[in-house]
Amino acid sequence: MSTDQDGTLRGAGNGTDGDDDREEIGDADLFKAVRFCREILDHMGLDAVISTGPMGSKLINVSGPDSGLVVGRRGQTLDALHFLVNRMLHKATGKRGFVDIDVEGYRSRRAKALEAQAKDLARRVRDQGVVLSFDPMSPRDRRLVHLFLSEEPGVRTSSKGEGDGRYVQVLPIDGVDGDGTEGDAGAGDDGGADGVGDR
C-alpha cells in the first residue's frame, strides 16, 4: 500500500475487493460525485468552487472563500463530506471503489504533517523504550499512521479506544503493550478500509 502526493491511500486500502465482481467507478461517475458534492455544499450554504483532478484520478478538488469550513476541525467536515458523497455514489451506481475529495491541498499537507509526527514518535519510542500515543484521529489518519510506520524499524502500531476516541499507539517491538502486557510485533488494525467505512 502507498499514498499518492495528495495523501490518497492506494493499494490494499482503496476499498476494492478482489472477489467483488461489481464494475468499478469510472471517470463518467466522477461527474455524478461532483453533482452530489455540489448539492451537499449548497445545502450547507457554503461558497465553494468544485473541480476535478486529472483524467483517471477520481479526485474532486474544493476551493473558495469557505474552504476552511469544508475542511472543518482536524478535517472532520471533509471526512464526512467524503463519506456522504461516496455513499450516495455507491447507491446511485451500484459500483465499487470511491472518489477522493480534497480542499486546496489539505490532504497532502495533513499527510506530510502526520508522517513527520509519526517518525518523531517512532524515534522517541526506540530511544526511550516507552509507549507513546497520538491524540484521537479519524480512520483515514489512523490508516496513514499505520502505513507510515509499517516498515519503521524497532516499533509497531496499534489502535485503541472506541468511536471518536479511537487513537494510535506506537510501541517498541517486543516491548509492553499499551495495557501493560507483554506484546510482540504486530501490524496496525485500521488497514484495509476505504475511507468510507470504519466510521
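See the structure shown above.
Residues numbered from 1 in each chain as written. Predicted model: local features only at pLDDT ≥ 70, side-chain atom pairs only at ≥ 80, totals over all residues. Heavy atoms only, no water.

**Some details on the layout of surface pockets**
Argument step 1. Estimates place the volume of the largest pocket at around 500 Å³.
Argument step 2. Q76, P136, M137, S138 and D164 are the residues nearest the centre of the largest pocket, which is lined by 21 residues in total.
Argument step 3. For the lining of the largest pocket, the elements supplying multiple residues, two or more each, are α3 (76-93), α4 (106-128) and α5 (139-149).
Argument step 4. In the lining of the largest pocket, the residues fall into 5 nonpolar, 5 polar and 11 charged. (1 Å grid on protein atoms, 1.4 Å probe; cavity = no way out; pocket = protein on both sides within 12 Å on 5 of 7 lines; lining within 4 Å. Points joined across faces, edges and corners; volume = space filled by probe spheres on them. Helix = DSSP H or I, 4+ residues; strand = E, 2+ residues; numbered from the N terminus. Nonpolar A, V, L, I, M, F, W, Y, C, P; charged D, E, K, R; others polar.)

**What to know about unusual backbone geometry**
Argument step 1. Even without glycine at this site, R74 takes up a positive phi of about 55°.
Argument step 2. Tracing the sequence through the fold places R74 in the loop between α2 (67-71) and α3.
Argument step 3. Positive phi values are uncommon outside glycine, yet E104 reaches one of about 50°.
Argument step 4. Relative to the helices and strands, E104 is located in the loop between β5 (100-103) and α4.

**With respect to the sheet that holds strand β6 (residues 132-133)**
Argument step 1. If you trace the 3 strands from one edge of the open sheet to the other, you get β6-β8-β7, paired in antiparallel fashion. Two strands lie at the open edges of the sheet, namely β6 and β7 (155-160), each paired on one side alone.
Argument step 2. The pairing of β6 with strand β8 (residues 167-172) spans 2 bridges and is classified as antiparallel. Looking at the pairing, L132 lines up with V170 of β8.
Argument step 3. Seen against the sheet, α4 touches β6, β7 and β8 and runs at an angle of roughly 35° to β8. (Pairing = 2+ DSSP bridges. Contact = heavy atoms within 4.5 Å. Axes fitted to C-alpha atoms, helices over the stretch in contact; angles between N-to-C directions.)

**Topic: the sheet that holds strand β4 (residues 59-63)**
Argument step 1. Taken together, the 3 strands give an open sheet; going across it, the order is β3-β4-β5, and neighbouring strands pair in mixed fashion. Edge positions in the open sheet fall to β3 (49-52) and β5, since each of these has one partner strand only. Between one strand axis and the next, the sheet turns by 25° as a mean value, whatever way the strands run.
Argument step 2. Pairing of β3 with β4 involves 4 bridges; the strand directions are antiparallel. Bridge pairing in β4 links T52 to I60.

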